[in-house]
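# Observations on the three-dimensional arrangement
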Amino acid sequence: MKTVFVTVGTTSFDELIESITSPETVQALTARGYERLVLQVGRGSLVPAADSSPHVTLEAYRFKDSIAEDIEQADLVISHAGAGSCLESLGAGKSLLVVVNDKLMNNHQLEMARQLHMDSHLLYCTCSTLTETLRTMDLSVLQPFLPGQPKNFAHFLDKALGVQ
Amino acid sequence: MCFGHFWSSGAAVAVMAFLEGAVYAAGFICLLFIIRLYYIVKTGSSYKPGAKGPVAVLVVAGSGGHTTEILRLMESLSAGYTPRHYVIADTDRMSEEKICSFESSKQNSDSESQFSICRIPRSREVLQSWSSSVLSTLHALRFSLPLVFRLRPDVVLCNGPGTCVPLCVAALLLGILGMKKVLIVYVESICRVQTLSLTGKILYPISDYFFVQWSSLRDKYPKSIFLGRIV
């Protein structure tokens, strides 16, 4: 079953949860063949009931110790701009659509999502353009995200500190 | 009464002389301090603690993402970095678990794995105001100084939580006082693309190795080291 996983991290992002479960957005998702929607809603006030969207299988929860499994099972991850969620999804090799919370100004976390978007590693939109983005997006333009190389750091430090 | 007046003006002269002396002494100590500070920061890159044997590391784990990043870095370091002392903020529960599971997985690969976890008060909660941050950082310094003086690490490795500032200041003080040169290795979090974090800005002038993970930051901060993404 083609699955979309939506994550808002440790904060709340009711607007995203509201947008993604709206009839037009659900229709855009089903038109693309997505049949299952898993929502991690964090501290938000909105926890949609399983039967609230008749056209998709819907699950919602606030927090889990690890969302790695949900990411693994997803075909598309829709995330807030948090660095942790972005890196975890990209690290798992998933297609990622970041929805920016434009009510949060000067959030430095946006910096990284924006840069990763410029480097074509993820798609980027706001709640108001979410439905349109889901209708028109082309996931094939996304470039694979190669993991960082801590070994380079270790080699540098070994040499600098004289560690054998 | 006349005598009393004479006594008090004599005392006043003595007090003035003492104060003057104290000011000169304080100025002299400050000057020595600055010269030492300059010397310590300048000579850091030629200091090679690894040549003498294992390198003791003080690792500042922050919370959440910071801990994940720093453990990625620790994962890549060889057994030559022993022992490893992790410092976490006392309000942080998640990090301790992550560190323990990381260290126990490392234990399989090298037999003499040694680590400890120390707690200090958090110097800055997210979104805390500037002025109260200064106070709580001073409070954290009271705990950082004895900790760093006791552990005497060769290297302090940190990547951005506010907790690193008092620890790096303590490490620097160890060097200024001539007790032990402690290298400060700072890795700016991968989240910072265009601007340094507040901690990064504070530690940029005093760290011995300052890593950034995006080329845009390297261009702005010439002293920084850029090896691509390293976490």
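Our subject is the structure that appears above.
This text gives an overview of the structure that appears in the document.

What counts and how
Residues numbered from 1 in each chain as written. Chains lettered and ligands numbered in written order. Predicted model: local features only at pLDDT ≥ 70, side-chain atom pairs only at ≥ 80, totals over all residues. Heavy atoms only, no water. Axes fitted to C-alpha atoms, helices over the stretch in contact; angles between N-to-C directions. Helix = DSSP H or I, 4+ residues; strand = E, 2+ residues; numbered from the N terminus. Parallel < 35°, antiparallel > 145°, perpendicular 65-115°, else oblique. Left-handed = near helix turned anticlockwise from the far one by under 90°. Contact = heavy atoms within 4.5 Å. Nonpolar A, V, L, I, M, F, W, Y, C, P; charged D, E, K, R; others polar. Buried < 20%, exposed > 50% of the residue type's maximum accessible area, 1.4 Å probe, protein only. Arc of directions from axis to C-beta. Pairing = 2+ DSSP bridges.

### Concerning the packing of helix 4 (residues 130-151) of chain B against helix 5 (residues 164-176) of chain B
All names here are of chain B. At a minimum axis distance of 8 Å, the contact between helix 4 and helix 5 shows a crossing angle of 45°. Regarding the angle of helix 4 to helix 5, the classification is oblique. Helix-helix and strand crossings are classified by hand; for helix 4 and helix 5 the assignment is right-handed. For the pair helix 4 and helix 5, the contacting residues are T137, A140, L141, S144, L145, L147, V148 and F149 in the first and P166, L167, V169, A170, A171, L173 and L174 in the second. Partitioned by chemical class, the residues of the contact of helix 4 with helix 5 number 13 nonpolar, two polar and no charged.

### Overview of helix 4 (residues 83-91) of chain A
All names here are of chain A. Of all the positions in helix 4, only A83, S85, C86, S89 and L90 are classed as buried. For helix 4, the angular spread of buried residues about the axis comes to 165°, placing them on one side. Tucked into the core, helix 4 has its buried residues touching strand 1 (3-7), helix 3 (68-73), strand 4 (76-79), strand 5 (95-100) and helix 5 (109-118). G93 lies just past helix 4 and shows a positive phi near 75°.

### What about the sheet that holds strand 4 (residues 155-158) of chain B?
The parallel open sheet is built from seven strands, whose spatial order is 3-2-1-4-5-6-7 (chain B). Edge positions in the sheet fall to strand 3 (115-120) and strand 7 (225-226) of chain B, since each has one partner strand and no second. In this sheet, strand 5 (residues 183-187) of chain B lies alongside strand 4 of chain B in parallel orientation, the contact comprising four bridges. By the bridge assignment for strand 5 of chain B, B:C158 is matched with B:Y186. Across the face of the sheet, helix 7 (residues 150-161) of chain A comes into contact with strand 4, strand 5, strand 6 (209-212) and strand 7 of chain B while running at roughly 165° to strand 6 of chain B.

By themselves, these figures tell us nothing about what the structure is for.
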